[in-house]
Amino acid sequence: PPFSTYMERADILSTIRGENETNNAENNVDIDIMANSTAWKEMAKKRFPKSFDRAPDNAKRMILWCLQKNPGQRPSAEDLLASQLLPRKMELEKHYLEEALLTLANPQSESYDQILRALFNQVVPYHVEVTYDNGDIAIDAIHRMKSIETMKNLLSAIGKLGGKRWNDFDGAGTRLSGMSAISVAAITSSLARAKGAGKLEQTGMDMGAPQRTATSFAMTAGAASAITGTADGVLGADPRLQEAIVEHLQKVFRTHSAVSLSSPLLVPSRGHQRQSEEPSEGASHFSPVEVMDERGYVLLLPEDLTANFARAVSRGGIATSHLKRYEIGKVYHKPLLGCHPRESLEAAFDIVFHDPHIKGHYLEAEVIQVLCQAVTALATSSDFCLHSSSEKNEVSGLGHYGLIAPFWYVKVSHTRLSDAILDICGVPAKNQVLRKQCLRILSKTTASSPATLLSKINFRGHQSVQQQIQHAVKHHGLDSVVADKLELFLSFTNAPFPHDITAALDILLDATRKYKATEHVEKGSKRAKIYDNVYKGIRSLRRLIEALGEMGIRPVLSKGDERYLPNLDNGLRQPAFIALDFLQQRQKHIHGHLYFQGMILPSDYFLRLSKDKNKQSFEQLRKQELKFAEGGRFDDLIRSYRPPGNFGSNVAHLYTAAPIPFAVGVRFHIGRIIDRIYGEAAIRKMLEANSGVVGTETEYIRNALGHPLPIMHSIRCIISGPNGMDANSAGSRAQVASLLWAGGICAEYMAQSGAIMSLLRNINVAEGLSSDWTLEQLCQICRLLRIPFVVIVSPHFLRDKHCVRVKHILHDAHGSFHDVQGGNEEVVSLTSLVLTIKECLEGRQRKGGRK
């Protein structure tokens, strides 16, 4: 508080200086305020008035220091600035900031290394260490659950499983404490997919088997989400499904003689490519993730599996000019909250080849054939069931097409063709935002839609060309003269294009010629070269379609050409059609060449469309199409990374350069494929619920769980005690498990999330036993999960007789697995256990192969 009088001011200052203290030897000793960390506090208590009690310690210490009796003990201005007593300025003065930025911009300066060392030597605050990887994850969890009351939602999802004696469940005995938000959200999502499954209990099945199987799926999903940290695809997905998808894709890649080659993790960031391309409509955050090393170099984590591979190829020269490779790896995108990068899993297949005598369109066709093989592998495998009902689509108006589920098609474009059309219409080449908007207009107005396959379709279709162009004029700065040219060109296309791409290319060629006839184009002029680029792009796509026909890739809705392999049925799931579409690529990797996307539709797409009375808009229909793969040529990307000079030569005084090879590839988005497979499981559950029981009752219950169950679980044997997986028999079970592992049989003797583990606990207090399930419950859950054997280990029987009981849960008849009510049980000695189980498994495989 301010002093009321000068006398009060003088008196307080004298007290602080110590002038009013008793004149004795102790008080006359000079105290080093900065060196003695305790004595100054005693001095402050004596000298400062009570009104100073709330003053900060650094202020008290600085005042005592400045008011020392001995002038030699008082600080200078430099001493005060160098001490920690003065609070730091919140903002740097402008000239200090400019000097710091200049230092950072000059790596050769003396202070540059000091600044970087100071940055890297910072201690990470504890709260950052705790919360670093929870930012975007928590947002995802809350967004997907649509509520912040996560535990309440979880208990509600458990209750909604339904069934007798299940509605009274109160949450007691669950493993709910100490879970992360993403785990709780994943578990809740997994349980929600099995809603009502408990109401389908069979009379011969113990009460609670469907519910406990659902909780086992939930624990697997919760553990996977906690470890991986991000929800790539479907929240609460089974990690074994991702593993199965990867294995199927690897088999496809290997049939083309590809080898597994992983590209480097980090590449230097190039200034002109630091800014990511604008994400497409409805896309999430796609900015690349930048990191800095101790030398101050800005590096990029892989945003996809193409860019880093292209850079490695450019460095390899001739050594990397003839290869086929595949890679399964993570890609990274900048997080919304600046915490851990967002991750997703991709699978890439690439061909790099340099031979001027080999026609490139055959290699392009091979990559699209890989796309067809991947769809076929996922569609025909019972692990995934990418179709939900019968093979033929029974929707009225589609029967004559002969379409087979899953319904998928390919969008193709040619970047030289797209750019040339924009140049013809006068869209400025430097205004990339405007060019993207014009490409959107071309795509929306000309691309053929699957919805138009229904003869009775009546949806709220495209906005008129005039409306979209006027929107670009008003909101994106499109010049009116350019708008008129664009509208004129589109008027010649009679949009949208037909589903037959050959006919679509004919229409585009005719539209270009008509547009050219409206102006005078001198031969050899720059304008004439732009039209030549259009013609070259069309010819390139025609050669691709011809090569696809020769290789047996024939869209169902195309006219085809019987010159090429007329009677060959290669067994591939052919695309419904190949659509000509002026696509936008998110990263500018592909320039001047082919670009394509693989699109897949839900199996009930046409069924819902035929019953839709609200007439969905064009945008609503497009959102139901899922892009599961994309690819194209990336020669130009390799060229951009190629070092200058005599790279690739051991002759230092000669200028040499390795030629730029032909490069084409495709990338599969694993998370989106998982999303579609789970979507099909939900559709199958809904269709069967509406139509009644399909197949066996056990199969009906499996479908009601809402999870895509594989034909056989990866685990072949569950090893249990007489009381389930209890603690008392754990040692004996481990002994039997080690025997099976050594024999190459996948087995598990513990309740763990990678095998089977329940969210619920079964505790028998009277007998002092703790287990997830009883033996009978365990057998019935294995039956639902298609785990063929349960080995029952009794410690006394094992010790005295060296034998176990083997319970056969499934029996293979006529090449398929049929449930055996109650199962078959036999006593087997330890010496013959491995051989017995292997013979049963091989017998099933032989019967399946004969079928």
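Quantities reported herein were computed from a predicted structural model and do not represent experimental measurements.

The rules we used
- Note on numbering: residues in each chain are counted from 1, in written sequence order.
- Per-residue local features are limited, in this predicted model, to residues with pLDDT of at least 70; the limit for side-chain atom pairs, both in listing and counting, is 80 or more; totals at the level of whole chains, interfaces and linings are taken over all residues.
- The basis for the side-chain values is all heavy atoms of the structure; hydrogens and waters are excluded.
- Only DSSP runs of H or I with at least four residues qualify as helices, and only runs of E with at least two residues qualify as strands; both kinds are numbered from the N terminus onward.
- Exposure is judged per residue with a 1.4 Å probe applied to protein chains only, and the accessible area is read against the type maximum: over 50% gives exposed, under 20% gives buried, and values in between give partly exposed.
- The criterion used for residue contact is that any of the two residues' heavy atoms lie within 4.5 Å.
- Working definition of accessibility: Shrake-Rupley area with a 1.4 Å probe, residue cover restricted to the visible protein chains.
- Salt bridges are defined by distance alone: a side-chain nitrogen of Lys or Arg within 4 Å of a carboxyl oxygen of Asp or Glu.
- A helix is expected to span 1.5 Å multiplied by its residue count minus one.
- Working definition: the arc comes from the directions between the helix axis and the C-beta atoms, pointing outward to the latter.
- Any N or O atom pair separated by 3.5 Å or less is treated as a polar contact, with the protein-specific requirement of one donor-capable and one acceptor-capable atom, and with residues adjacent in sequence counted only for side-chain atom pairs.
- A residue's pLDDT is simply how confident the predictor is in it, with values from 0 to 100.
- Simply put, an axis is a line fit to the C-alpha atoms, just over the touching stretch for a helix, and the angle between two N-to-C directions goes from 0 to 180 degrees.
- Roughly parallel covers angles under 35 degrees, roughly antiparallel covers those over 145, roughly perpendicular covers 65 to 115, and oblique covers all other angles.
- By the definition used in this description, the sense in which the near helix is turned from the far one sets the handedness, with an anticlockwise turn below a right angle giving left-handed and a clockwise turn giving right-handed.
- Each residue is assigned to one of three groups, with Ala, Val, Leu, Ile, Met, Phe, Trp, Tyr, Cys and Pro labelled nonpolar, Asp, Glu, Lys and Arg labelled charged, and all others, Gly among them, labelled polar.
- DSSP-based pairing: two strands are paired if at least 2 bridges between them are found.
- Centres within 6.5 Å are what make two rings of Phe, Tyr or Trp a pair, Trp counting through its six-membered ring; a difference in plane orientation under 30 degrees is then read as stacked, over 60 as edge-to-face, and the rest as tilted.
- Residues scored as charged are limited to Lys and Arg (positive) and Asp and Glu (negative), so that His and the chain ends carry no count.

**Focus: the overall build of the protein chain**
And then number 1: Broken down by element type, the protein chain carries 29 helices and 18 strands.
And then number 2: When burial is assessed residue by residue, the protein chain has 48% of its 851 residues classed as buried.
And then number 3: Partitioning the intrachain contacts of the protein chain with sequence separation of at least 6 by distance along the chain shows that 73% fall at a separation of at least 24.
And then number 4: Approximately 42,700 Å² of the protein chain is accessible, and the part contributed by carbon and sulfur atoms is 53%.

**Here's the deal with the pattern of salt bridges**
And then number 1: Applying the stated criterion across every chain yields a total of 22 salt bridges.
And then number 2: One salt bridge connects Asp238 with Arg240, and the closest N-O pair in it is separated by 2.8 Å.
And then number 3: Overall, Asp238 belongs to the buried group, its relative accessible area being 10%.
And then number 4: Of the charged contacts in the structure, one is a salt bridge between Lys324 and Glu366, with a shortest N-O distance of 2.6 Å. Residue Lys324 is found in strand 5 (residues 322-333), and its partner Glu366 is found in helix 14 (residues 360-380); the two are separated by 42 residues along the sequence.
And then number 5: The class of Glu366 is buried, set by a relative accessible area of 9%.
And then number 6: Here the salt bridges do not stand alone but share partners, grouping Glu346, Lys627, Glu630 and Arg667 into one network.

**Regarding helix 18 (residues 480-493)**
And then number 1: Along its 14 residues, helix 18 runs 20 Å from first to last C-alpha, staying within 8% of the 20 Å computed at 1.5 Å per residue.
And then number 2: Every buried residue of helix 18 is listed here: Val482, Ala483, Leu486, Phe489, Leu490 and Thr493. Relative to the axis of helix 18, the buried residues are bounded by an arc of 130° and lie together on one face.
And then number 3: Buried residues belonging to helix 18 abut helix 15 (415-424), helix 16 (432-446), helix 17 (465-475) and helix 19 (501-517).
And then number 4: Of the residues flanking the start of helix 18, the one acting as N-cap is Asp479, its side-chain oxygen 2.9 Å from the backbone nitrogen of Val481.

**So, the confidence of the model for the protein chain**
And then number 1: With 76% of its residues at a pLDDT of 70 or more, the protein chain has an overall mean of 79.
And then number 2: For the protein chain, per-element mean pLDDT is lowest for strand 14 (residues 762-764), which scores 50, and highest for strand 1 (residues 259-260), which scores 96.
And then number 3: pLDDT under 50 marks residues 389-397. Its contacts with residues more than four places away, or in other chains, come to 20 contacts.
And then number 4: pLDDT under 50 marks residues 562-567. Its contacts with residues more than four places away, or in other chains, come to 10 contacts.

**Looking at the packing of helix 17 against helix 18**
And then number 1: It is at 10 Å that the axes of helix 17 and helix 18 come closest, and there the two elements cross at 160°. One way to sum up the angle between helix 17 and helix 18 is to call them roughly antiparallel. Handedness of the crossing formed by helix 17 with helix 18: right-handed. On the side of helix 17, the interface is formed by Val465, Gln466, Ile469 and Val473, while helix 18 contributes Ala483, Leu486, Glu487 and Leu490.
And then number 2: Within the contact of helix 17 with helix 18, the residues separate by chemical class into 6 nonpolar, 1 polar and 1 charged.

**Some words on the sheet that holds strand 4 (residues 298-300)**
And then number 1: Spatial strand order, 2-4-3: 3 strands in an open sheet with antiparallel pairing. Looking at which strands have only one partner, the edges of the open sheet turn out to be strand 2 (267-268) and strand 3 (290-292).

**Overview of the packing of helix 15 against helix 16**
And then number 1: With their axes 11 Å apart at the nearest point, helix 15 and helix 16 run at an angle of 105° to one another. When the interaxial angle is binned, helix 15 and helix 16 end up roughly perpendicular. Listed contacts from helix 16 to Ser418, Asp419, Ile421, Leu422 and Asp423 of helix 15 are Arg435, Cys438, Leu439 and Leu442.
And then number 2: Each residue belonging to the contact of helix 15 with helix 16 can be placed in one class, and the counts come to 5 nonpolar, 1 polar and 3 charged.

**Things to note about the pairing of strand 7 (residues 408-414)**
And then number 1: By the criterion of burial, strand 7 is predominantly enclosed, with 7 of the 7 residues buried.
And then number 2: The two faces of strand 7 match: Trp408, Val410, Val412 and His414 on one face and Tyr409, Lys411 and Ser413 on the other face are all buried.
And then number 3: Inspection of the sheet shows strand 7 paired to strand 9 (residues 594-600) by 7 bridges, in the antiparallel sense. The residue bridging Val412 from the neighbouring strand is Phe596, located in strand 9.
And then number 4: Direction of pairing for strand 7 relative to strand 8 (residues 578-580): parallel, over a ladder of 3 bridges.

**Observations regarding the packing of aromatic side chains**
And then number 1: One pass over the full model with this rule turns up 9 aromatic pairs.
And then number 2: Aromatic pair Phe253 and Tyr326: ring centres 5.6 Å apart, planes at 35°, arrangement tilted. Separated by 73 residues along the polypeptide, Phe253 in helix 12 (residues 239-255) and Tyr326 in strand 5 bring together distant segments of the chain.
And then number 3: For the ring pair Phe253 and Phe349, a centre distance of 5.7 Å and an interplane angle of 25° mean the geometry is stacked.

**Description of the pairing of strand 9**
And then number 1: For strand 9, a buried count of 7 out of 7 residues is recorded, marking the element as mostly surrounded by other parts of the structure.
And then number 2: Burial along strand 9 is two-sided: the residues Leu594, Phe596, Gly598 and Ile600 and Tyr595, Gln597 and Met599 are all buried.
And then number 3: Note: strand 9 against strand 10 (residues 626-633), 6 bridges, orientation antiparallel. When the sheet's bridge partners are listed, Phe596 is paired in strand 10 with Gly631.

**A word on the sheet that holds strand 10**
Either a parallel or an antiparallel arrangement is found when strands of a sheet pair, and the pairing is made through backbone hydrogen bonds.
And then number 1: Taken in spatial order, the 8 strands line up as 1-5-6-11-10-9-7-8 in an open sheet, and their pairing is mixed. In this open sheet, the two strands that pair with only one neighbour each are strand 1 and strand 8.
And then number 2: Sheet topology note: the strand 10/strand 11 (residues 662-669) ladder contains 5 bridges and is antiparallel. Within the sheet, the bridge partner assigned to Arg633 lies in strand 11 and is Val664.
And then number 3: Taken strand by strand, helix 19 contacts strand 7 and strand 8, and its axis lies near 15° from that of strand 8.

**Section: the side chain of Arg193**
And then number 1: Tracing the backbone shows Arg193 in helix 10 (residues 181-193).
And then number 2: An unpaired buried charge is present at Arg193: no salt bridge exists, and Asp675, the closest side chain of opposite charge, is 8.5 Å distant.
And then number 3: Setting aside residues up to four positions removed in sequence, Arg193 forms contacts with Val234, Leu235, Gly236, Ala237, Tyr678, Lys685, Ala704, Leu705, Gly706 and His707.

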